[in-house]
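Coordinate analysis (summary)
What follows is the residue order along each chain.
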Amino acid sequence: MSDAHRPVRVFVARDGNGFMRDIAGWIVEAARGCGRAATLVDDRRPAPDGSINLVVAPHEFFLLRDDDDATVRAAARCSIPICTEQPGTPWFLLSLGFCVGSPLVVDINAVGVDAIEREGFRAHRLQLGGVAGMDAWTHGAAQPDDGARDIDVVFLGGSTERRAAALARLGPVLWDRACELRMFTFSRPLTGDEPGIVFGDDKYRLLARSKVLVNLHR
């Protein structure tokens with residue numbers, strides 16, 4: 001079977017972070033848009049069956065499974081890890097362990113690609129972009145409630161001192177505007193049941209109602 005006809009299987013942890021499931025869904029949709037047969041898989045590990053196996057957030061996927069070390073190593077060798085974590089964090093270091101023996105390593109961050117290559121791996125960047133399913137106005141399953149952008153400013157992100165201070169400084173600008181400042185803390189993977197968290201269609205609907213999205217790095 002030629003590479004052009006190999007099916008794409010995108011693996012993501014069933015009980016993992018909802019952010020990673022969103023990313024996995026985007027990759028599946030993009031692959032299908034390119035004419036590939038692509039599926040999202042969360043109920044088994046990768047196998048050398050001729051498919052192109054992409055594992056989103058390998059540090060989550062493999063650690064949340066109850067497999068022995070030899071089984072994990074075999075699954076990692078027949079898959080391509082899609083790394084998502086910032087260099088310098090413990091999660092980034094965990095991801096590196098699942099890159100050993102893989103035919104290729106992919107990271108969604110240019111800084112991550114450079115850090116992975118410094119560790120001796122061949123790495124490529126997967127630059128995330130828009131897919132049709134994100135567009136709640138025309139393609140998404142969840143349409144905005146009334147067709148209007150009734151939220152002036154929205155922020156979505158984990159709570160840190162830096163972010164809290166930056167948002168506090170915006171108080172004189174935001175106090176009389178309709179805002180959704182959704183900050184959260186977590187000690188386990190976020191599934192979407194937590195207060196303030198939105199994933200998938202719920203997030204696309206929220207963004208479709210919003211005029212300005214504030215981006216504050218950790």
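Preceding this paragraph is the structure being described.
Here goes a summary of the coordinates provided. Sequence order as written defines residue numbering, which begins from 1 separately in each chain. Totals for whole chains, interfaces and linings use all residues, but because this is a predicted model, local features are given only for residues with pLDDT of at least 70 and pairs of side-chain atoms are given and counted only at 80 or more. Only heavy atoms go into the side-chain values, all of them from the structure, while hydrogens and water stay out.

**Points about the overall build of the chain**
Helical segments are the DSSP runs of H or I of at least four residues, strand segments are the runs of E of at least two, and each set is numbered from the N terminus. Within the chain, the regular secondary structure consists of 8 helices and 9 strands. Over its C-alpha trace the chain gives a radius of gyration of 19 Å, about what one expects of a compact globule, namely 17 Å for 218 residues. Summarising its shape, the C-alpha atoms of the chain cover approximately 60 × 35 × 30 Å along the three principal directions. Per-residue burial for the chain yields a buried fraction of 42% across its 218 residues. Radius of gyration: over C-alpha atoms. The globule rule applied is 2.2 Å multiplied by the number of residues raised to the 0.38 power. Note on classification: 1.4 Å probe, protein chains only; a residue is buried when its accessible area is under 20% of the maximum for its type, exposed when over 50%, partly exposed between these limits.

**Quick look at a nonpolar patch on the surface**
Among the surface-exposed residues, Leu 63, Trp 91 and Leu 94 lie close enough to one another that they form a single nonpolar patch of about 300 Å² accessible area. Of note, Leu 94 is situated in helix α4 (residues 90–97). Distance thresholds for patches are 9 Å for like charges and 5 Å for nonpolar side chains (Val, Leu, Ile, Met, Phe, Trp, Tyr), applied to residues having over 30% relative accessible area and no salt bridge. The protein chains shown are the only cover counted for residues, whose accessible areas, like all others here, come from Shrake-Rupley with a 1.4 Å probe. Here, a salt bridge means any side-chain nitrogen of Lys or Arg that lies within 4 Å of a carboxyl oxygen of Asp or Glu.

**Considerations on the environment of Pro 58**
Within the secondary structure layout, Pro 58 lies in helix α2 (residues 58–61). Classification of Pro 58 by relative accessible area gives buried; the value is 0%. Measuring from C-alpha to C-alpha, the distance between Pro 58 and Arg 162 comes to 28 Å, with 104 residues separating the pair along the chain. We call two residues in contact whenever any of their non-hydrogen atoms come within 4.5 Å of each other. Beyond its immediate stretch of four places on either side in the chain, Pro 58 contacts Leu 63, Pro 81, Ile 82, Cys 83, Ser 95 and Phe 98.

**Quick notes on the nonpolar core**
Take the buried residues of types Ala, Val, Leu, Ile, Met, Phe, Trp, Tyr and Cys, join any two whose side-chain atoms come within 4.5 Å, and each joined set is a nonpolar core. In this structure, Val 10, Ile 23, Ile 27, Leu 54, Val 56 and Ile 82 are the most contacted members of the largest nonpolar core, which totals 24 residues. For this core, the elements supplying multiple residues, two or more each, are β1 (8–11), α1 (18–33), β3 (52–56), β4 (80–83) and α8 (200–208). At 7 residues, α1 tops the list of elements feeding residues into this core. In this structure Leu 54 touches Val 8, Arg 9, Val 10, Phe 11, Ile 27, Ile 80 and Ile 82, once residues within four positions along its chain are discounted.

**Describing the pairing of β3**
When you tally the buried positions in β3, you get 5 out of 5 residues, the bulk of the element. Burial along β3 is two-sided: the residues Ile 52, Leu 54 and Val 56 and Asn 53 and Val 55 are all buried. Pairing between two strands is assigned when DSSP locates at least 2 bridges connecting them. For β1 and β3, the ladder comprises 4 bridges, and the chain directions are parallel. Within the sheet, the bridge partner assigned to Val 10 lies in β3 and is Leu 54.

**Re the environment of Gly 120**
Within the secondary structure, Gly 120 sits in the loop between α5 (110–118) and β6 (123–125). Looking at Gly 120, the relative accessible area reads 66%, which means it is exposed.

**Some remarks on the pattern of salt bridges**
Tallied over the entire structure, the rule returns 11 salt bridges. Across the pair Arg 21 and Asp 42 runs a salt bridge whose closest N-O atoms are separated by 2.7 Å. With Arg 21 in helix α1 and Asp 42 in the loop between β2 (38–41) and β3, the pair connects residues that are 21 residues apart, well separated along the chain. In the salt-bridge network here, residues are joined through shared partners; they are Arg 9, Arg 44 and Asp 49.

**Looking at helix α6 (residues 161–169)**
Within α6 the residues assigned to the buried category are Arg 163, Ala 166 and Leu 167. End-on view of α6: buried residues confined to an arc of 95°, all on one side of the axis. What points out from α6, more than 90 degrees from its buried face, is the exposed set Glu 161, Ala 168 and Arg 169. Of all possible arcs, the one meant is that of the directions from the helix axis to the C-beta atoms.

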